[in-house]
Every structure is written in structure tokens, then in C-alpha cells.
Amino acid sequence: MTSPDAALAARPEACSACGGGLDTLGRCTKCGAVFGEAYRCPLCQALSDVEPNASLYFSCRACGGPRIPPDGTPISEPEVTLLRNARSEQLRAGAFKAGAGFAAASGVLSLLVTTVVLLATAPALFAKVAAFIGCLVPFALAFFALSRSRAHEKQLDAALHGAWLLAASRTVSQGGPITSALLAKKLRIDEARAEFLLAEVSVQDLIAAAPAELPARVRVTELAAPDELGLEAEQRAPAGTRKP
């Protein structure tokens, strides 16, 4: 897909690449080139379209970072912050995953070399055990790196979910009735996920509309037996009013 240079940020009347017409957001309906600030990537600042991504939902065609498809309204600063956090977690997860693969490959290679050397030299039992224990070090490093990669992937998912939730809230706040089908069309997601985002936005709106001061919590204790309740009430009564 063709993307114009940053100098073409101001949306022209027609596509400068092929002369085709542009849609309402500034995307050429003929060659797919994008124009205007709606397609400005908040991460790399390049004018680029988005593309589906298996782990990020949508990614930038220029830098590969997480993106939210433009819907005609400017992206908010909290969304940009969450997308940047998601990009950082994406890079960290990828680095740890690559390190885990390298450590695992090194472990396999060292295990093969150690096996060949031990078969050729036939050392003492202690030396064999020590050599094989040394071969386990790369595998331990690989396991550690893989666990760190999964931890960063969880943080990546959390940041992405927050960014998409803010995007859904921004779309809803434009005014007018909005359904899950309309939200799915605007954000280019499936209707089931759009319905889930709408439900979360509704819950957040209810929490925000709640009074600032909530009544004090009532501590709920385990109910006692009826005879125990009667005995406790009798003990608390004044001495002159107790039953004989």
C-alpha cells in the first residue's frame, strides 16, 4: 500500500499518487494511500494506514506498533500514553522471547557437545554430572526469559485494553444513539467485542455518575442461633428489666 510523505499531511483534494478520490477520513479509494492528520501514527509520527494484527488487533504499517483505527475524532492523550506503554511492553516481550530462544538453542548445542565429549573421553562420574548440570544453565535462563516475556505480554494486553476502552468511550461521547454494530463499524472490530466494550463504557459511566459520598459500609457478621440472640439481648438489658 502506498503512503505519502509527511509533507503531505494537509489533506489534498485528490490522491497525489494516482489522482483517485479520497473518502471522508482521507484514504484513497483507488490505491489506498492515506492523507491528513487522522492517519498520523502517535508512536512514529508517520502518515500510515493500519493493518490487522493477531496480537495487537491493529498495528501501524510503518513502525509495527499498536494502533487504533481512525474514526474521524482526534485521539486523546491518555490513549496515546497507553499505546506507548503497549509499544514498550511489546518490544520488551519480543526481546525476552528472542533471548529465550537463543538460550534454549545454546542449551541444546551445549548438551550435544557435552555428550560427544563425554562419550569420547569417558571421565569420572562426578565430572559427567557436573558437565550435565552446566548444560542446564542455558535452559534455566531460557525459562526465566520466557516467563518475563509472558509477564510483559500480560501488561501489553492490559495497556491495549485500556486504550481500546478509551477509544470506545470517545466514540460514544460523540453524541447520538450508538449500537454495538455502529461501534464495530467505526473501530473496525467484530460486533461481539464492540458489545463488550460498550458494556464496560456503560459501567464506567454509572460509576462516574454515582454520588461522591457513599453511605458507610455495614459490616455483615455471621448470624447466631435464635436462642443465642435472645440470650445476648437479655444480657445487654438493664438489670431491673431482665426476666427472672
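What you see is a predicted model; the values in this text were computed from it and never measured. (Residues numbered from 1 in each chain as written. Predicted model: local features only at pLDDT ≥ 70, side-chain atom pairs only at ≥ 80, totals over all residues. Heavy atoms only, no water.)

**A few points about the layout of surface pockets**
The condition is simple: A cavity here means a set of points on a 1 Å grid, drawn over the protein atoms and nothing else, where a 1.4 Å probe fits but cannot get out; a pocket is an open set with protein on both sides within 12 Å along at least five of seven lines, and a residue lines either one if it has an atom within 4 Å of a point. Grid points are joined across faces, edges and corners, and a volume is the space filled by probe spheres set on the points. Charged residues are taken to be Asp, Glu, Lys and Arg, nonpolar residues to be Ala, Val, Leu, Ile, Met, Phe, Trp, Tyr, Cys and Pro, and polar residues to be all remaining types, Gly included.
When its volume is computed, the largest pocket comes out at roughly 270 Å³. Residue lining of the largest pocket: 15 residues in total, with Glu37, Ala38, Thr73, Pro74 and Ile75 positioned closest to the centre. Each residue belonging to the lining of the largest pocket can be placed in one class, and the counts come to eight nonpolar, two polar and five charged.

**Regarding the confidence of the model for the chain**
As a reminder, the rule being used: The score called pLDDT rates the predictor's confidence residue by residue, from a low of 0 to a high of 100. Only heavy atoms matter for contacts: two residues are in contact if any of them lie within 4.5 Å across the pair.
Summarising the model, the chain shows a mean pLDDT of 82, and 80% of its residues fall at 70 or more. Counted against residues more than four places away or in other chains, residues 1-9, with its pLDDT under 50, gives 28 contacts. Confidence drops under a pLDDT of 50 for residues 216-224, and excluding neighbours within four residues, the segment shows one contact in the predicted structure.

**Examining helix H3 (residues 180-187)**
Given 3.6 residues per helical turn, the α-helix brings residues three or four places apart onto the same face. Convention followed: Throughout this description, buried means an accessible area under 20% of the type-specific maximum (1.4 Å probe, protein chains only), exposed means over 50%, and partly exposed covers the range between. Helix numbering and strand numbering both begin at the N terminus, where a helix is a DSSP run of H or I of at least 4 residues and a strand a DSSP run of E of at least 2. Within this analysis, the arc is defined by the directions that extend from the helix axis to the C-beta atoms.
Of all the positions in H3, only Ser180, Leu183, Ala184 and Leu187 are classed as buried. Mapping the buried residues of H3 onto a view down its axis gives an arc of 100 degrees, with all of them on the same face. Residues of H3 that are buried in the fold lie against strand S2 (57-60), helix H2 (125-172) and helix H4 (191-209). Looking one or two places after H3, you find Arg188, whose phi comes out positive at around 60 degrees.

**Focus: the packing of aromatic side chains**
Note the threshold: For Phe, Tyr and Trp, where Trp contributes only its six-membered ring, two rings pair if their centres lie within 6.5 Å, and the inter-plane angle classes them as stacked under 30 degrees, edge-to-face over 60, or tilted in between.
Here the structure, examined in full by the defined rule, presents two aromatic pairs. Their ring planes at 75 degrees and their centres at 5.8 Å tell us that Tyr57 and Trp164 sit as a pair that is edge-to-face. Placement of Tyr57 in strand S2 and of Trp164 in helix H2 is noted, with a sequence separation of 107 residues between them. Under the relative-accessibility criterion, Tyr57 is labelled partly exposed at 38%.

**Considerations on the packing of H2 against H4**
Put simply, the rule reads: With axes taken as lines fitted to C-alpha atoms, and helix axes fitted only over the stretch in contact, angles between N-to-C directions fall between 0 and 180 degrees. We call two directions roughly parallel when the angle between them is under 35 degrees, roughly antiparallel when it is over 145, roughly perpendicular when it lies between 65 and 115, and oblique otherwise.
At a minimum axis distance of 9 Å, the contact between H2 and H4 shows a crossing angle of 80 degrees. When the axes of H2 and H4 are compared, the pair comes out roughly perpendicular. Note on element contacts: H4 touches H2 through Arg193, Phe196, Leu197, Leu198, Glu200, Val201 and Gln204, opposite His161, Trp164, Leu165, Ala168, Ser169 and Val172. For the contact of H2 with H4, the class distribution of residues is eight nonpolar, three polar and two charged.

**Thoughts on the nonpolar core**
How we decide: Among the buried residues, those of types Ala, Val, Leu, Ile, Met, Phe, Trp, Tyr and Cys that are joined through side-chain atoms within 4.5 Å form a nonpolar core.
Membership of the largest hydrophobic core comes to 22 residues, with the highest contact counts inside it found for Ile68, Leu183, Leu187 and Ile189. Elements with a contribution of two residues or more to this core: helix H1 (77-121), H2, H3 and H4. Ranked by the residues each element gives to this core, the list is headed by H2, at eight residues. Every residue in contact with Leu183, bar those within four places of it in the chain, is listed here: Ala168, Thr171, Ile178, Ala194, Leu197 and Leu198. With five residues, the next largest nonpolar core counts Cys15, Cys28, Ala33 and Phe35 among its residues.

**Re the state of the cysteines**
To keep it simple, the criterion reads: Sulfur atoms of two cysteines make up a disulfide when they are within 2.5 Å.
On inspection of all chains with the given rule, the structure shows zero disulfides. For the unlinked cysteine Cys44, the closest cysteine sulfur is that of Cys41, found at 3.6 Å.

**A closer look at a nonpolar patch on the surface**
Worth spelling out the cut-off: Nonpolar side chains (Val, Leu, Ile, Met, Phe, Trp, Tyr) within 5 Å and like charges within 9 Å form the patches, drawn only from residues with over 30% relative accessible area and no salt bridge. To be clear on the numbers: accessible area is Shrake-Rupley with a 1.4 Å probe, and residue cover counts the displayed protein chains and nothing else. Between Lys or Arg on one side and Asp or Glu on the other, a salt bridge is scored when a side-chain nitrogen of the former is within 4 Å of a carboxyl oxygen of the latter.
Taken together, Val108, Leu111, Leu112, Phe132, Leu136 and Phe139 make up a surface patch of nonpolar side chains, about 510 Å² in accessible area. With respect to the helices, strands and loops of the structure, Val108 is situated in helix H1.

**Examining the pattern of salt bridges**
Taken as a whole, this structure holds seven salt bridges when the rule is applied. Here Asp49 makes a salt bridge to Arg27, at a shortest N to O gap of 2.8 Å. Taken together, the positions of Asp49 in the segment before strand S1 (50-53) and Arg27 in the segment before S1 put the pair 22 residues apart, joining distant regions of the chain. You can call Asp49 buried: its relative accessible area is 2%. For Glu51, the salt bridge goes to Arg61, with nearest N and O atoms at 3.2 Å. Here Glu51 is found in strand S1, whereas its partner Arg61 is found in the loop between S2 and H1, with 10 residues between them in sequence. A residue is classified by how much of its surface remains accessible, and Glu51, at 28% relative accessible area, is partly exposed.

**Details of the pairing of S2**
Applied cut-off: For two strands to pair, DSSP has to find at least two bridges joining them.
Pairing of S1 with S2 involves four bridges; the strand directions are antiparallel. By the bridge assignment for S2, Val50 is matched with Cys60. Connecting S1 to the next strand, S2, in antiparallel fashion are three residues.

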